[in-house]
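A look at the structure
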Amino acid sequence: MIAWIGIGANLGDAQANVLDAVRRLALLDGTMVVETSGLYRTAPIDSSGPDYVNAVACIDTSFDPHELLAALQAIELAHGRERPYRNAPRTLDLDLLLYGDQLIDTESLSVPHPRMHERAFVLAPLAEIAPDLVIPGRGPIHDFLPLIARQGVDKIA
């Protein structure tokens, strides 16, 4: 299954943490990183702390969506991720953005990620590697780019 993973960090060496997350995704059994965006810097939204470094990875995985979520959370924990409160600054944040064209709404997982179409830090890197991608139940990502144009996002690598 093709899945899209949002990657972000704003504590510690954020850029190194994002790059290490991509490496760890590639090491998951039954998973291959197909493509990764460049790195983007953004100010925190609904959060605090230093600027974030963000990227998006496209993976091909044999994990079901809940197994993939558990694997993503294990990678976060390996980076010292803590969840003291909602939207707290973080050493690493991995979000399952899309899982094929599936719509998933369970207590532990919502796919597509509910706010991905509102966030420049998701859409800019996603548009870099998949400009024609369609968010299931929402529409093509290029339809949302004008709506997030005022959110500061800078490509840094």
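This text goes with the structure placed above it.
This section reports on the structure supplied with the text. Remember, it's a predicted structure, so these values are computed and weren't measured experimentally.

**Some points on the pattern of salt bridges**
Scanning all chains against the criterion turns up 4 salt bridges. In this structure, the salt-bridge partner of Arg23 is Asp20, at a minimum N-O distance of 2.7 Å. Here the residue Arg23 and the residue Asp20 both occupy positions in helix H1 (residues 14–27), the gap between them amounting to 3 residues, near one helical turn. Residue Asp20 is classed as buried on the basis of its relative accessible area, which comes to 17%. Here Arg90 ties to Asp93 by a salt bridge, and the two come within 3.0 Å at their closest N and O atoms. Each member of the pair, Arg90 as well as Asp93, is classed as buried.

**So, H1**
Compared with an ideal rise of 1.5 Å per residue, which puts 14 residues at 20 Å, H1 spans 20 Å between its outermost C-alpha atoms and is within 8% of the ideal. When H1 is considered as a whole, its buried residues turn out to be Ala14, Asn17, Val18, Asp20, Ala21, Val22 and Leu25. Where the residues of H1 are buried, they touch strand S1 (2–9), strand S2 (31–36), strand S4 (52–61), helix H2 (65–78) and strand S5 (93–99).

**Some details on the pairing of S1**
Among the 8 residues of S1, 7 are classified as buried, and the element is accordingly described as predominantly covered. Bridge analysis of S1 against S4 gives 8 bridges, and the strand direction is antiparallel. Residue pairing across strands places Trp4 opposite Cys58, the latter belonging to S4. Relative to S5, S1 runs antiparallel, the two being bridged by 6 bridges. Along S5, the bridge assignment pairs Trp4 with Leu98.

**With respect to the environment of Gln151**
Locating Gln151 in the fold gives a position in the loop between strand S9 (139–140) and strand S10 (153–155). The class for Gln151 is partly exposed, based on a relative accessible area of 24%. Considered as a pair, Gln151 and Leu19 are 132 residues apart in the sequence and their alpha carbons are 23 Å apart. Those residues in contact with Gln151 that sit more than four places away from it in its chain are Ile45, Glu118, Arg119 and Ala120. One polar contact links the side chain of Gln151 to the main-chain carbonyl oxygen of Glu118, over a distance of 2.8 Å.

**Quick look at the nonpolar core**
Ranked by internal contacts, the top residues of the largest apolar core, which has 28 residues, are Ile5, Ile7, Leu25, Leu68, Leu94 and Leu96. For this core, the secondary-structure elements that each account for two or more residues are S1, H1, S4, H2 and S5. Once you skip the residues sitting within four places of it in the chain, Leu96 turns out to touch Ala3, Trp4, Ile5, Pro65, Leu68, Leu72, Leu109, Ser110, Val111 and His113. Residues Leu97, Leu123, Ala127 and Ile148 belong to the second largest nonpolar core, which totals 18 residues.

Rules used in this analysis
Residues numbered from 1 in each chain as written. Predicted model: local features only at pLDDT ≥ 70, side-chain atom pairs only at ≥ 80, totals over all residues. Heavy atoms only, no water. Salt bridge = Lys/Arg side-chain N within 4 Å of Asp/Glu carboxyl O. Helix = DSSP H or I, 4+ residues; strand = E, 2+ residues; numbered from the N terminus. Buried < 20%, exposed > 50% of the residue type's maximum accessible area, 1.4 Å probe, protein only. Expected span 1.5 Å × (residues − 1). Contact = heavy atoms within 4.5 Å. Pairing = 2+ DSSP bridges. Polar contact = N/O pair within 3.5 Å; in protein donor to acceptor, adjacent residues only side chain to side chain. Core = buried A, V, L, I, M, F, W, Y, C linked by side-chain atoms within 4.5 Å.

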